[in-house]
Amino acid sequence: MSKLRIGAPEDDAALEDWRHVHNTVVPDAAMSFDEARERAGKYLLEVAYDGDVLVGCTTVRPPEEDGAAATVIVRVLPPWRGRGIGAALYERAMRQAAEHAAPAVETVVWAANAGGVRFAEARGFVEVDRYVPEPGAVPYLTLRLAPA
């Protein structure tokens, strides 16, 4: 990692980069540009570059109701994994989630992304729920950060 730049997608090109990372890491839930724009209006999205090269993105969802968890999702493109980028994105997203003063933090990982599951578990997240979008599909895991 030479010069990691992380920031909100300020224009359509950066939002397309966010969408590209999302769709690459979670092809089972690929979204259109309009869906990405809708998410940008509801959640804090950020995109990460190593210099000028796209490497990852994050989503921080504030709690939807009192007492609900904030959600932090970190995605790193496969060629860039294992270089500390996920850790840097995770730390930044956790600081952003803390601003919502939610009683808990969760993440959602596509079960087919074994590396993503290991990444979350290594940071203290434990599985609390599974969602199967349709019969026979690969589930999505909701993991909650265990109390310290």
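Figured I'd write up the structure that's included with this text. Only a predicted model underlies this, so the values are computations on that prediction, with no experimental measurement involved. (Residues numbered from 1 in each chain as written. Predicted model: local features only at pLDDT ≥ 70, side-chain atom pairs only at ≥ 80, totals over all residues. Heavy atoms only, no water.)

Structural notes on the nonpolar core
The nonpolar side chains of soluble globular proteins are, as a tendency, buried together.
1) Next: In this structure, L15, W18, V21, V47, L54, W80 and I85 are the most contacted members of the largest nonpolar core, which totals 24 residues.
2) Next: The element that contributes the greatest number of residues to this core is helix α1 (residues 12-25), accounting for 5 residues.
3) Next: When residues no more than four places from it in sequence are discounted, the contact partners of V21 are L54, G56, C57, R75 and L77.
4) Next: Among the nonpolar cores identified, the runner-up in size contains 14 residues, and A70, M94, A120 and F125 belong to it. (Core = buried A, V, L, I, M, F, W, Y, C linked by side-chain atoms within 4.5 Å. Buried < 20%, exposed > 50% of the residue type's maximum accessible area, 1.4 Å probe, protein only. Helix = DSSP H or I, 4+ residues; strand = E, 2+ residues; numbered from the N terminus. Contact = heavy atoms within 4.5 Å.)

Focus on unusual backbone geometry
1) Next: Even without a glycine there, the phi angle at A101 is positive, about 50 degrees.
2) Next: Along the chain, A101 turns up in the loop between α3 (85-98) and β5 (105-110).

Let's talk about the sheet that holds strand β1 (residues 4-7)
1) Next: Ordered by their spatial adjacency, 7 strands build an open sheet running β1-β2-β3-β4-β5-β7-β6, and the pairing between neighbours is mixed. Each edge of the open sheet carries a strand with a single partner, namely β1 and β6 (125-131). Here the strands of the sheet are splayed against their neighbours by 25 degrees on average, with no regard to which way each runs.
2) Next: Here 5 bridges tie β5 to strand β7 (residues 140-145), and the two strands are oriented antiparallel to one another. Directly across from V108, in β7, lies its bridge partner T142.
3) Next: Most of the contacts of α1 go to strand β3 (residues 53-61), to which it runs at about 85 degrees, and overall it touches β2 (44-50), β3, β4 (70-76) and β5. (Pairing = 2+ DSSP bridges. Axes fitted to C-alpha atoms, helices over the stretch in contact; angles between N-to-C directions.)

Some remarks on the pattern of salt bridges
1) Next: With the rule as written, the count across this model stands at 6 salt bridges.
2) Next: With its nearest N and O atoms 2.6 Å apart, the salt bridge here joins R92 to E46. Of this pair, R92 sits in helix α3 while E46 sits in strand β2, placing them 46 residues apart in sequence.
3) Next: Of the charged contacts, one joins R130 and E127 as a salt bridge, the two residues approaching to 2.6 Å between their closest N and O atoms. (Salt bridge = Lys/Arg side-chain N within 4 Å of Asp/Glu carboxyl O.)

As for the environment of E65
1) Next: Here E65 shows up in the loop between β3 and β4.
2) Next: The spatial distance from the C-alpha of E65 to the C-alpha of A102 is 9.6 Å, given a sequence separation of 37 residues.

A few points about the environment of W18
1) Next: If you trace the backbone, W18 turns up in helix α1.
2) Next: Separated by 37 residues in the primary sequence, W18 and V55 have C-alpha atoms spaced 9.7 Å apart.
3) Next: Those residues in contact with W18 that lie beyond four places of it in its chain are M31, A36, R39, L45, E46, V47, C57, T58, T59 and R75.

Thoughts on the side chain of R75
1) Next: Inspection of the secondary structure puts R75 in strand β4.
2) Next: Of the side chains with opposite charge, E46 lies nearest to the buried R75, which makes no salt bridge, at 11 Å.
3) Next: At a separation of 3.3 Å, a polar atom in the side chain of R75 contacts the side chain of T59.
4) Next: Among all residues touching R75, those that are not within four sequence positions of it are W18, V21, H22, V25, V26, V55, G56, C57, T58, T59 and L89. (Lys, Arg positive; Asp, Glu negative; His and termini not counted. Polar contact = N/O pair within 3.5 Å; in protein donor to acceptor, adjacent residues only side chain to side chain.)

Brief notes about the packing of α1 against helix α2 (residues 33-42)
1) Next: Axis separation between α1 and α2 bottoms out at 10 Å; the angle between their running directions is 105 degrees. The angle between α1 and α2 places the two elements in the roughly perpendicular class. Every residue of α2 that contacts α1 at D12, L15, E16, W18, R19 and H22 is listed here: F33, A36, R37, R39 and A40.
2) Next: A per-class count over the contact of α1 with α2 returns 5 nonpolar, 1 polar and 5 charged. (Parallel < 35°, antiparallel > 145°, perpendicular 65-115°, else oblique. Nonpolar A, V, L, I, M, F, W, Y, C, P; charged D, E, K, R; others polar.)

Purely geometric numbers; function is a separate question.
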